[in-house]
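Per-entry structural report
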Amino acid sequence: MFQLILERRSATLLTSLFLICFTLMTLSVRRQGSITLIERGALSIAGPLLEAAGAPKRWMRDLGRQYLLLRDMREENLVLKKQITAMRGLSFQLRELEAKVRRLESQLTASRGLSVPVRLAHILGQDASPFGQTLLVDLGTSHGVRHGMPVVNQAGVVGRISRAGQTASRVLLLTDSRSAVDVIVQRTRAQGIFSMAPGGKGEVRYLATDSDVQEGDLLIASGLGGVFPKGLPVAWVTKVGPKGERLFRQVEARPAVDFNSLEEVLIMIAPEQEAGRP
Amino acid sequence: MIVIFYCLVGAGAIVFQSTVSEYFKAWLGARPDAMTLIVVYLGLQRGQETGLIGGFFLGLLQDVLTGGLLGANALSKGLIGHATGSLRRNVSGREALFHALLAFFASVFNSTLMVTLLFVFLPDVQIHPQYWLEAGKTTLLNTFLAPLLVGLLVGAEERIFPAAAGTPYPERS
């Protein structure tokens, strides 16, 4: 029998193949859904093999994902950098706006304390000429601005309108040597005239030699000149000369307004001046 | 040692079938049947008995892994291995065209037998026309890949086992 099988090995194998396969298929159809012993064994063998085989694929997939992630991150990084740049610009703008709001708020506060109506004017430019200290503002006769109107800010007197155009006006600053304001010492009411000396220093002239003035005293407009209303801060006393040496007391003062940081000013629209002063 | 080599080839076929062939499926709409090609290679190199046994086990693994009718691929691949092994007695050739033709007929036989077995054992299952399209594509893929794969494996076997390689071929036996 064995001899026959060995002699006809190929045929035996072929018959066995048919028998086994048809048995398997029959079992597979009958026991659909349940896992057979052969399947379990084959899965046990193939499982780790496939697991190992899948590793490079997973690595490649992970590598691809990492690459995509990095690429996305790079693009995102570029976008974020652009956004940061834009945000920085915006931040600067906001700071600028904040500063402007603060300035305007203080201007508004200052204007509320004034007895006459005021208009806010933005500074368009400054006269760079060494011979004059003037400003150009964006309000003119069409806005009710007239020659000689006082210009102030929250700190005090800035100057007065020296030329009024249709839509812009020139302001003669207090620091111009042609400006002179009748002032009184707030503390003692001593009277004098504040103007700028040719050297660029402010001085109070015609102050009686025995008048009581100290460093740090505030000089306010006396209202006598007819331009600046009484009580507006004009300058701070910085140096006082000795009493009795001269006919008038030597007093140096610096303007109350910081002219280096002017951006907006208030023009006092006085009704009597609006009426037609040239 | 050569048994280990064939085991590794079989394992490689399983790996190929489960991983690389997915890309073929994505590109061409069908995947090659690496098992059929390996069985053809086994039959050609080792004769009908080894082809039959190797084909049976590879087919059985394929059945388990694909979750189809258990034993269908085992029978098909076993028969392909046996038939290929039988051919080598009568056909002397190691040319690419010969491998391609073998792969073509083996693939056609495999597809046809699968459908026949399904009709017999699972008559309720409807064979979608798409199956024939995919089977046709698989046959073409196998036909084109066979010369490359079989040639590669034969070459590798000859290099690794120069004494044992190719002995079943009539012109070298």
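Treat the numbers as computed from the prediction; the structure is a model and nothing was measured. (Residues numbered from 1 in each chain as written. Chains lettered and ligands numbered in written order. Predicted model: local features only at pLDDT ≥ 70, side-chain atom pairs only at ≥ 80, totals over all residues. Heavy atoms only, no water.)

**Section: the overall build of chain B**
Secondary structure summary: chain B contains 5 helices and 0 strands in total. Each helix and strand of chain B, ordered N terminal to C terminal, gives the series α-α-α-α-α. (Helix = DSSP H or I, 4+ residues; strand = E, 2+ residues; numbered from the N terminus.)

**Some remarks on the nonpolar core**
Counting residues in each nonpolar core, the largest one holds 45 residues, and the members touching the most others are A:Phe194, A:Leu219, A:Val234 and A:Ile267. Top contributing element to this core by residue count: strand S12 (residues 264-268) of chain A, with 4 residues. Those residues in contact with A:Leu219, other than ones at most four positions away along the chain, are A:Val183, A:Ile184, A:Val185, A:Phe194, A:Val204, A:Leu232, A:Pro233, A:Val234, A:Ala235, A:Val237 and A:Ala253. Within the second largest apolar cluster, 24 residues are counted, among which are B:Ala13, B:Ala34, B:Ile80 and B:Leu102. (Core = buried A, V, L, I, M, F, W, Y, C linked by side-chain atoms within 4.5 Å. Buried < 20%, exposed > 50% of the residue type's maximum accessible area, 1.4 Å probe, protein only. Contact = heavy atoms within 4.5 Å.)

**Some points on the environment of A:Leu219**
Mapped onto the secondary structure, A:Leu219 falls in strand S9 (residues 218-221). The spatial distance from the C-alpha of A:Leu219 to the C-alpha of A:Gln186 is 5.7 Å, given a sequence separation of 33 residues.

**A short note on the sheet that holds strand S5 (residues 169-173) of chain A**
Residues and elements named next belong to chain A. Reading around the circumference, S1-S2-S5-S4-S3-S12 is the order of the 6 strands in this closed barrel, with antiparallel pairing throughout. Sheet twist, expressed as the average angle between the axes of neighbouring strands with direction ignored, equals 45°. Bridge count for strand S3 (residues 150-153) against strand S4 (residues 156-164) is 4 bridges, and the pairing is antiparallel. The residue of S4 that forms the bridge with Pro-150 is Arg-160. (Pairing = 2+ DSSP bridges. Axes fitted to C-alpha atoms, helices over the stretch in contact; angles between N-to-C directions.)

**Regarding the packing of aromatic side chains**
Residue and element names in this part refer to chain A. Taken as a whole, this structure holds 10 aromatic pairs over all chains when the rule is applied. Ring centres 5.6 Å apart and planes at 90° place the aromatic pair Tyr-206 and Phe-248 in the edge-to-face group. Of this pair, Tyr-206 sits in the loop between strand S8 (202-205) and S9 while Phe-248 sits in the loop between strand S10 (233-240) and strand S11 (251-255), and the two are 42 residues apart along the sequence. Given a relative accessible area of 37%, Phe-248 falls into the partly exposed group. (Phe/Tyr/Trp six-rings, centres within 6.5 Å; stacked < 30°, edge-to-face > 60°.)

**Concerning the packing of helix H2 (residues 9-30) of chain A against helix H2 (residues 34-66) of chain B**
Two elements in contact, H2(A) and H2(B), have axes separated by 10 Å at closest approach and are oriented at 10°. Taken together, the axes of H2(A) and H2(B) are roughly parallel relative to one another. Here H2(A) runs over H2(B); the crossing is left-handed. Touching A:Arg9, A:Ser10, A:Leu13, A:Leu14, A:Leu17, A:Ile20, A:Cys21 and A:Leu24 of H2(A) are B:Gln48, B:Glu49, B:Leu52, B:Ile53, B:Phe56 and B:Leu60, all from H2(B). Here the contact of H2(A) with H2(B) is built from residues that sort into 10 nonpolar, 2 polar and 2 charged. (Parallel < 35°, antiparallel > 145°, perpendicular 65-115°, else oblique. Left-handed = near helix turned anticlockwise from the far one by under 90°. Nonpolar A, V, L, I, M, F, W, Y, C, P; charged D, E, K, R; others polar.)

**Some details on the side chain of B:Lys77**
Residues and elements named next belong to chain B. Locating Lys-77 in the fold gives a position in helix H3 (residues 72-90). Overall, Lys-77 belongs to the buried group, its relative accessible area being 0%. Setting aside chain neighbours within four positions, we find Lys-77 in contact with Asp-33, Met-35, Thr-36, Val-39, Gly-51, Gly-55, Phe-56, Gly-59, Gln-62 and Asn-110.

**Concerning the sheet that holds S11(A)**
Residue and element names in this part refer to chain A. One closed barrel holds the 6 strands; their spatial order is S6-S7-S8-S11-S10-S9, and the pairing between them is antiparallel. Looking at each pair of strands side by side, their axes are set apart by 45° on average, direction ignored. Judged from the 4 bridges that link them, strand S7 (residues 191-196) and S8 form a sheet pairing that is antiparallel. Within S8, the position partnered with Ile-193 by the bridge is Arg-205.

**A few points about the pattern of salt bridges**
Residues and elements named next belong to chain A. Considering all chains together, one arrives at 8 salt bridges over all chains under this definition. Between Arg-178 and Asp-176 there is a salt bridge, and its shortest N-O distance comes to 2.9 Å. Relative accessible area serves as the criterion here: at 1%, Asp-176 is assigned to the buried category. Sharing partners across several salt bridges, the network here consists of Arg-103, Glu-263 and Glu-264. (Salt bridge = Lys/Arg side-chain N within 4 Å of Asp/Glu carboxyl O.)

**Focus: helix H5 (residues 129-160) of chain B**
Helical geometry note: an α-helix holds 3.6 residues per turn, so side chains three or four residues apart project in the same direction. All names here are of chain B. With 32 residues, H5 extends 44 Å between its outermost C-alpha atoms, agreeing within 8% with the 46 Å of an ideal straight helix rising 1.5 Å per residue. If you check which residues of H5 are buried, you get Ala-135, Thr-138, Thr-139, Leu-141, Asn-142, Thr-143, Leu-145, Ala-146, Val-150, Leu-153, Val-154 and Glu-157. As for H5, its buried residues are in contact with helix H1 (2-28), H2 and helix H4 (96-121). (Expected span 1.5 Å × (residues − 1).)

**Examining unusual backbone geometry**
Residue and element names in this part refer to chain A. Its identity as a non-glycine residue notwithstanding, Arg-189 has a phi of 65°, on the positive side. Mapped onto the elements, Arg-189 comes out in the loop between strand S6 (180-185) and S7. On the basis of relative accessibility, which here comes to 44%, the residue Arg-189 falls in the partly exposed class. For Tyr-206, which is not glycine, the phi torsion reads 60° and is therefore positive.

**Focus on the environment of A:Asp258**
All names here are of chain A. For Asp-258, the location among the structural elements is in the loop between S11 and S12. Of the residues examined, Asp-258 reaches a relative accessible area of 44% and is grouped as partly exposed. Placed 105 residues apart in sequence, Asp-258 and Asn-153 show a C-alpha to C-alpha distance of 9.9 Å. Here the side chain of Asp-258 touches Asn-260 through a polar contact of 3.2 Å, landing on its backbone nitrogen. Engagement of the side chain of Asp-258 in a polar contact is seen with the side chain of Ser-261, the distance being 3.3 Å. (Polar contact = N/O pair within 3.5 Å; in protein donor to acceptor, adjacent residues only side chain to side chain.)

**Digging into the pairing of S5(A)**
Residue and element names in this part refer to chain A. In terms of burial, S5 is a largely internal element, 4 of the 5 residues being buried. Sheet topology places S4 next to S5; 5 bridges connect them, and they run antiparallel. In the strand pairing of S5, Arg-160 is matched with Leu-172. Here S4 hands over to S5 after 4 residues, the two strands then running antiparallel side by side.

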